[in-house]
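Okay, here's what each chain looks like letter by letter:
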Amino acid sequence: MLTSRGGPSRLKRALREAPQVSPFLVLGDPTPELSVALAKAAVACGAGMLEIGFPYGDPVADGPAIQKADVRALENGTSTTKAMEILGRIHDACPKTPLNLLVYANLVHARGFDRFCEEVVEAGASSLLVPDVCLEESAPLKKACRRARLGHVQLVGPLTSSDRLKRIDAAATSFVYLVAHQGVTGVRGAGFDEVEALVARTAWQLNNPLCVGFGLSKPEQIRRVFAAGARLAVVGSYLANVIDENARGDRLLAAFSEALGPLVTAGQ
Amino acid sequence: MATTLVPKIGPFGEYGGRYVPELLVPALEQLERARKEIVTSREFKLALSELLGEWAGRPTPLLTTPAFSEACGLDVVMKREDLLHGGAHKTNNVAGQALMAKFMGKRRVIAETGAGQHGAATAMAAARLGLDAVIYMGEKDMERQASNVKRMELCGARVVPVTSGARTLKDAINDALRDWTQNLETTHYLLGTVCGPHPFPRLVRDFQAIIGREAISQWRKLKGGLPDAVVACVGGGSNAIGIFHAFVPKKRVQLIGLEPGGLGLESGQHGATLVAGSTGLLHGARTSVLQDDEGQILEPHSVSAGLDYPGVGPEHAYLRDAGRARYLAINDDEALDAFETFSRLEGIIPAFEPAHALAFLLKAVRDDELPARSRVLMNLCGRGDKDLDNYYAHYAQRKLGASE
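A brief look at the structure comes next. Keep in mind the model is a prediction, meaning the values are calculated, not measured.

Thresholds, definitions, all that
- Residues numbered from 1 in each chain as written.
- Chains lettered and ligands numbered in written order.
- Predicted model: local features only at pLDDT ≥ 70, side-chain atom pairs only at ≥ 80, totals over all residues.
- Heavy atoms only, no water.
- Contact = heavy atoms within 4.5 Å.
- Buried area = accessible area lost by both parts, 1.4 Å probe.
- Salt bridge = Lys/Arg side-chain N within 4 Å of Asp/Glu carboxyl O.
- Helix = DSSP H or I, 4+ residues; strand = E, 2+ residues; numbered from the N terminus.
- Nonpolar A, V, L, I, M, F, W, Y, C, P; charged D, E, K, R; others polar.
- Axes fitted to C-alpha atoms, helices over the stretch in contact; angles between N-to-C directions.
- Left-handed = near helix turned anticlockwise from the far one by under 90°.
- Patch = residues over 30% accessible without salt bridge, like charges linked within 9 Å, V, L, I, M, F, W, Y side chains within 5 Å.
- Areas by Shrake-Rupley, 256 points an atom, 1.4 Å probe, with all protein chains shown as cover.
- Buried < 20%, exposed > 50% of the residue type's maximum accessible area, 1.4 Å probe, protein only.
- Pairing = 2+ DSSP bridges.

1. Here we look at the interface of chain B and chain A
Then, number 1: Tallying the contact residues gives 39 residues for chain B and 45 residues for chain A.
Then, number 2: Of the roughly 3300 Å² buried where chain B meets chain A, counting both sides, 51% is carbon and sulfur surface.
Then, number 3: Where chain B meets chain A, there are four salt bridges.
Then, number 4: Notably, a salt bridge pairs Asp58(A) with Lys170(B), separated by 2.8 Å at the nearest N-O pair.
Then, number 5: Elements that contribute at least two residues to the side of chain B that touches chain A include exactly helix 1 (25-37), helix 8 (169-183) and strand 11 (278-282) of chain B.
Then, number 6: The element that contributes the greatest number of residues to the side of chain B that touches chain A is helix 8 of chain B, accounting for seven residues.
Then, number 7: For the side of chain B that touches chain A, the residue count by class is 16 nonpolar, twelve polar and eleven charged.

Structural data, given as structure tokens:
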């Protein structure tokens, strides 16, 4: 039997103790070596989880910043096979940090659901979110995750009905991921009162821990979503922009830590 | 046993389904309700039939083609969708969906476009029905199809250049899906072909099925009985499904779809998804796609921008596997030759897309694909005005190549 090196339960335990902040990183962005270094820098900043994307050419749930990150990774040759290897290196560098994967469905489908799940568990992943598989089509994915002992994360959105929210909560095994804005990933400024209310409304209906993502970039936002009941906050596009601006310079790791550090601190 | 993937929502056998982010689900559920409640209502049917009759020019005629038939060794009759308002079959679908959007209380429609035909048709229907239209079009396609961009703008639509990926149709669909995710309360995504998540493949098919329904009764009056074969080009597959659908239960009528073979299948530069692709998930459906062995979607190639798509409607993949329809690839050069031949023989300039079907008919008897004198119904799905600049660019190159 396969053993899960990251383990879905480790994250749940950590989230019970304290809310955690996670960066979103694309494997191979801006280079394979630097994506491992960024993961280490994030853990050094205090990140309690790493959300890790496999680069994909058609990321329909993502806005411009993450699309660019995918392009950078694909252009330097980060195939799925290469991404598995980088994932393993990140796990070796940060063995105690749960790794949640974000992988578009066709990459999982092309490898076969079972094989994909087994390989990522072997490389150290603890859970998997496939953003373009909705609840009704999720049974095969859930089954493959269960067989590989990989946590299964489901998305919900601002317009998800409470009946549907309950069914998604029952299907998820790691946490439920709330997309805080009706839209694609990207940094957003105004309108945070609505997000806060949405987080509060969603969190109390769930058995699983609630993760909030899409559009977070400020310490104040992290404090507010945690106060409203979220146990996990993922910061993606904001950091992808920092990586984009510094991809070629020698300030990449410093700039990344300067951006992530205050967000992690705000969550503590 | 290995975990297998069978779509649950609106499947066509092992194809179709709803592979989308959770955020789009409320919009798709609303659309499914509209498909069942609005589209079947008497009021809607009446309004659509008026729009199609007065504004779009239905029914379109059947045309016998004595000279072209002679050249093929077949008896070929054309369904003249090229005479539909807008110049292609696309108008059937946009009239239906734009009207539906209006019945649903949406003020804004968005659409993707490759060749610009669907974008232009959407812009026209939106203008007629008083809706705002935003059209996503790959930057590369905007250069290739400049006159269609002008048609859209003239009808009041805003054309948004898509700069991601290869800057063609696939990327325009990605951006339209992103826009829809953000604006689904005010906006209807007017998808142009029989692809996408459920219910789009059925919704679009049902609006295009008028082509085959009309053709069956027109054929009976003109020729008697049924044709031996029904032939159409396939990009996303809406014109082909449109003419096939009424014939699917007529088991002795062969259904043949022609895909863009581009520079030849062996070159890898083609868009022949059903002939040379593999099963994958693209734009919300499980279907036949062009992809590498890790599931990255490949960039298709065709001289015809309207067939330049790395996926295909899931119902076609189903008809292929069920053995009910067969699909072949036609290269760019064959399509261009047929474009010239048909224009000279019949005085009708076809679009590059149906030129693929014409090219098949010109060689079908010789290649033993059809018996001589077979009675064939072909969907002449669009007119070629939009392709003239492109044709003359290729023509000059071809003549240059021939003289070397």
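Moving on, there is more to tell.
2. So, the packing of helix 2 (residues 32-45) of chain A against helix 12 (residues 252-267) of chain A
All names here are of chain A.
Then, number 1: It is at 9 Å that the axes of helix 2 and helix 12 come closest, and there the two elements cross at 35 degrees. Considering only the axes of helix 2 and helix 12, their crossing is right-handed. Here Leu34, Ala37, Leu38, Ala41, Ala42 and Cys45 of helix 2 come into contact with helix 12, specifically with Leu252, Leu253, Phe256, Ser257, Leu260, Gly261 and Val264.
Then, number 2: Each residue belonging to the contact of helix 2 with helix 12 can be placed in one class, and the counts come to eleven nonpolar, two polar and no charged.

3. What to know about a nonpolar patch on the surface
Residues and elements named next belong to chain B.
Then, number 1: Judged by side-chain polarity, Ile349, Leu388 and Tyr392 come together as a nonpolar surface patch covering roughly 280 Å² of accessible area.
Then, number 2: Its location among the elements puts Leu388 in helix 16 (residues 388-403).
Then, number 3: Residue class for Leu388 comes out partly exposed when judged on its relative accessible area of 31%.

4. Thoughts on the sheet that holds strand 8 (residues 187-189) of chain B
Residue and element names in this part refer to chain B.
Then, number 1: Reading across the sheet, the four strands line up as 7-6-5-8 and stay open at both edges, with parallel pairing between neighbours. Bordering the open sheet on either side are strand 7 (158-162) and strand 8, each of which pairs with just one other strand. Taking each pair of neighbouring strands and ignoring which way they run, the sheet shows an average axis angle of 25 degrees.
Then, number 2: Where strand 5 (residues 108-113) and strand 8 come together, three bridges link them in parallel fashion. Counterpart to Val109 in the pairing with strand 8 is His188.

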